[in-house]
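Coordinate inspection notes
As a plain string of letters, each chain reads:
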Amino acid sequence: MPSSNINGNEKEKSAGVYDSNSSQPNLKGDWLNFFLLLLLYTMQGFPLGLTSAIPILLQSQNDVSYQDQALFSLAAWPFSLKLLWAPLVDALYIQRIGRRKSWLIPVQYLMGTCFLYMANDIDDLLPNTGTPNIMVLMCMFFISNFLAATQDIVVDSWALTMLKKNNVGHASTCNTTGQAIGVMLGSVFPILFASEDFCNKYLRDTPNTGGLMTMKSVLYVWGLIFICVTTLIAIFKKEKDCRLEVDHVKLNVVQNYTLLCDIIKLPSIRILAIALLTAKVGFSVTDTVTYLELVDAGVSIADITVINTAMYVVRILIPLVTAKYTSGPKPMSIYLKSTAIKLIWSFTFILLVYFTPKLIKEDGVINIPMYYYATLILILFVDEILSYIMFVAVLSFFSRISDPRFGGTYLTFLNTVTNLGVTWTSTVALGVIDLLTFKKCSFDSDNYCSTSDYKNECEAIGGDCVTTVDGFYLGTLLSVTFGFAWYGFFKNIIRKLQTKGSSHWMVNIKPPITENI
C-alpha cells in the first residue's frame, strides 16, 4: 500500500532517479516522440476549440442569456473532474498492448465516433435561426470533453516516459503548442469558414450563400481524422515496456486511489493546490466575459474570431520561444512575474469595454475604425502573451515535480486542480454578471427590471430597461482586487516551493508488487 513515510536513503534514491535537473535538455533522438506528443495534444485541443466556439455562436443570438452561457460552461468541467478516474487509467491496462496505448486507442476511437454522431444532430441543436437546445448541446460536448480529458490523462503520463528524462521539461511545450493548434482548428473552422459574411468578404471573388463549410462537415472530417490517426498509432507506435522502467511499481485500483490520498497528504502539495484553486479568480471576469461583452456592444463574431485566430499564433509560438526559460530550474518565478503584470493589464479591459460602443458606433450605425482594431489587437495580444507564459511555466513545474512511476495519477492531480481553478471561476463569473448588473426602466424610475415581469411592465408602457450599473465593471474590480491579495499572500510561498528538492514531492511506497517479465 502507498505510504508517504519514507526514510532518508529512499529520499536520496528518489531524488537521484527523478531529478530532471541532472542533465541539460537535448532532443537529439527524441524528435519523433516530440512530434508525436505534439500531434496527440493537437487532437486533444480540437474538442476544446469546439467548446470555446459555441458560446460565441450562442451570444450572437438575442434569446441567449448569461445564465444559458453558465449552463453550457459545464461542458468544460470534465477536465476539472478527471482526477476521479485517473487512478483507473494508471492501474488498469493490457500489458501486451501497452500501459498507455491500452487507453489511448479505444478513447480516441470513441472520440472519432462521437464527432461522427454529433455531426448528424448539430444542425437541429444549433440552428442558424431559432432557439438552440442548450441542455442537449451541453451534454454532448460534456461527453466529448470527458473523452478528451481521459486522453489527456494518458498523454500526460505517457510523456513522462516517452521522452528522455532530461527532456521531460519539453512535455509542457508539446502540451501548450499542440493544444493551441487544436483549439485554433476547433474554433476557427466552425465560426469563420462557416460564416457567409466572412467567406464573401475575404475568401470569395463572387458572393454566394452559406460558408465554405458547415459545423456538420467539420465534425465529419475530424471524426475520420481521429479514426485514421489512431489506427496508425496502434499499428506503428511501440510503447516501452513499463516493467523495465527504473523503480517500476504495479499498483491495483485500490492502491492507486490510496496513492492519490497520500499525494494530497504531502504538505507541499496541499499548499500548491490551494494556490492553484484560487489563482485564476483575479482574471475570471476579463478572461471569460470580455469577448461576450464586445459581441453585445456590436463587434461581429467574425471579427472577434479573426482576431482570436491571430492570437493563436502567440499561443503556438510562446511555448517554443519561452521553452529555454520555463524549462529552467525556477519556472514559477516567471509565473509570478507574469501574474502581477496580467493583473495590472486587466484594467485595460475595463477601458476597452467602456469605450467600445462609443468608438464603433456613429449615429447609431456600427462603423468600426481601423484604430479600434489596432487597439483591440494590442490589448488582447499582451494579455495572451502573459497568459501563455503562465500556462507553460506552471506545466513545466508540474513535469519536474511529478513522479513518472505514477504519472497518470500525480500529474493529472496537478492539472485537474489547475483546470478546476479555471472552470469554477469561469462558471461563477458568468453566473454573477447578471446579479451584479442593475437596470432601471426609462419610463418608470421605480421599476428596476429585476424580474421578467418588471421587464414586461416596462415594455408595456413603451420603456426600455436601461443599464445603470454594468456587472462587468463591478465584477472585474472585485476579481482583480482579490487577485492582488492572492499575489501578496502566495508570492513568497510559491517561490519557496519551487526550491524544494525531489523528496518533498515524492510519495514512496512499501515493497512493491513485482511483475514477471
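Calculation rules
Residues numbered from 1 in each chain as written. Predicted model: local features only at pLDDT ≥ 70, side-chain atom pairs only at ≥ 80, totals over all residues. Heavy atoms only, no water. UniProt positions renumbered as here; feature names shortened; annotations may be inferred. Helix = DSSP H or I, 4+ residues; strand = E, 2+ residues; numbered from the N terminus. Buried < 20%, exposed > 50% of the residue type's maximum accessible area, 1.4 Å probe, protein only. Contact = heavy atoms within 4.5 Å. Areas by Shrake-Rupley, 256 points an atom, 1.4 Å probe, with all protein chains shown as cover. Expected span 1.5 Å × (residues − 1). Arc of directions from axis to C-beta. Patch = residues over 30% accessible without salt bridge, like charges linked within 9 Å, V, L, I, M, F, W, Y side chains within 5 Å. Salt bridge = Lys/Arg side-chain N within 4 Å of Asp/Glu carboxyl O. Lys, Arg positive; Asp, Glu negative; His and termini not counted. Charge placed at Lys NZ, Arg CZ, Asp CG, Glu CD. Axes fitted to C-alpha atoms, helices over the stretch in contact; angles between N-to-C directions. Parallel < 35°, antiparallel > 145°, perpendicular 65-115°, else oblique. Left-handed = near helix turned anticlockwise from the far one by under 90°. Nonpolar A, V, L, I, M, F, W, Y, C, P; charged D, E, K, R; others polar. Phe/Tyr/Trp six-rings, centres within 6.5 Å; stacked < 30°, edge-to-face > 60°. Lys NZ or Arg CZ within 6 Å of the ring centre and 35° of its normal.

- Labelled according to an unreviewed UniProt entry, the protein appears under the name Acetyl-coenzyme A transporter 1, originating from Acyrthosiphon pisum.
- Under the Subcellular location (unreviewed entry) heading, UniProt states for the protein: "Membrane".

Notes on the overall build of the protein
- Helices and strands together make up the secondary structure of the protein, namely 20 helices and four strands.
- When the 517 residues of the protein are sorted by exposure, 55% land in the buried category.
- Within the protein, contacts between residues separated by at least 24 positions form 84% of all contacts whose residues are at least 6 apart in sequence.
- Accessible surface computed for the protein: about 22,900 Å², of which carbon and sulfur atoms make up 64%.

As for helix 2 (residues 31-59)
- Compared with an ideal rise of 1.5 Å per residue, which puts 29 residues at 42 Å, helix 2 spans 42 Å between its outermost C-alpha atoms and is within 8% of the ideal.
- With 23 of 29 residues buried, helix 2 is to be regarded as a mostly interior element.

Structural notes on helix 12 (residues 267-278)
- Between its first and last C-alpha, helix 12 extends 17 Å over 12 residues, near the 16 Å set by a 1.5 Å rise per residue.
- Turning to helix 12, its buried residues are Ser268, Ile269, Leu272, Ala273, Ala275 and Leu276. Viewed along the axis of helix 12, the buried residues span an arc of 165°, placing them on a single side of the element. In helix 12, the exposed positions that point more than 90 degrees away from the buried face belong to Pro267 and Ile274.

A closer look at the environment of Lys361
- One can find Lys361 in strand 1 (residues 361-362).
- Each C-alpha atom, one on Lys361 and one on Gly298, is 8.3 Å from the other, the two residues being 63 residues apart in sequence.
- Those residues in contact with Lys361 that lie beyond four places of it in its chain are Ala297 and Ile366.

A closer look at the side chain of Ser268
- Relative to the helices and strands, Ser268 resides in helix 12.
- What Ser268 contacts, discounting residues up to four positions off in sequence, is Leu497, Lys500, His504 and Trp505.

Topic: a positive patch on the surface
- On the surface, Lys28, Lys164, Lys165 and Lys240 cluster together into a positively charged patch.
- On the secondary structure map, Lys240 appears in the loop between helix 10 (215-236) and helix 11 (253-265).

A look at the packing of helix 2 against helix 8 (residues 171-191)
- Their axes nearest at 5 Å, the elements helix 2 and helix 8 cross at an angle of 40°. Judged by the angle between their axes, helix 2 and helix 8 are oblique. Crossing angle aside, the handedness with which helix 2 passes helix 8 is right-handed.
- Grouping the constituent residues of the contact of helix 2 with helix 8 by class yields 17 nonpolar, 13 polar and no charged.

Digging into the packing of aromatic side chains
- Taken as a whole, this structure holds 17 aromatic pairs when the rule is applied.
- Geometrically, the ring pair formed by Phe72 and Phe141 is edge-to-face, given 5.7 Å between the ring centres and 70° between the ring planes. Placement of the pair is Phe72 in helix 3 (residues 66-72) and Phe141 in helix 7 (residues 134-162), with a sequence separation of 69 residues.
- Looking at Phe72, the relative accessible area reads 1%, which means it is buried.
- Relative to Phe490, the ring of Trp486 lies with its centre 5.3 Å away and its plane at 35°, an arrangement referred to as tilted. On the criterion of helical spacing, the pair formed by Trp486 and Phe490 is a turn pair, its members being four residues apart in helix 20 (residues 471-497).
- Overall, the relative accessible area of 8% leaves Phe490 in the buried class.
- Taken together through their ring pairs, the aromatic side chains of Phe46, Phe115, Trp222 and Phe226 make up a single cluster.
- Lying over the aromatic face of Phe283, Lys342 brings its terminal NZ or CZ to 5.0 Å of the ring centre.

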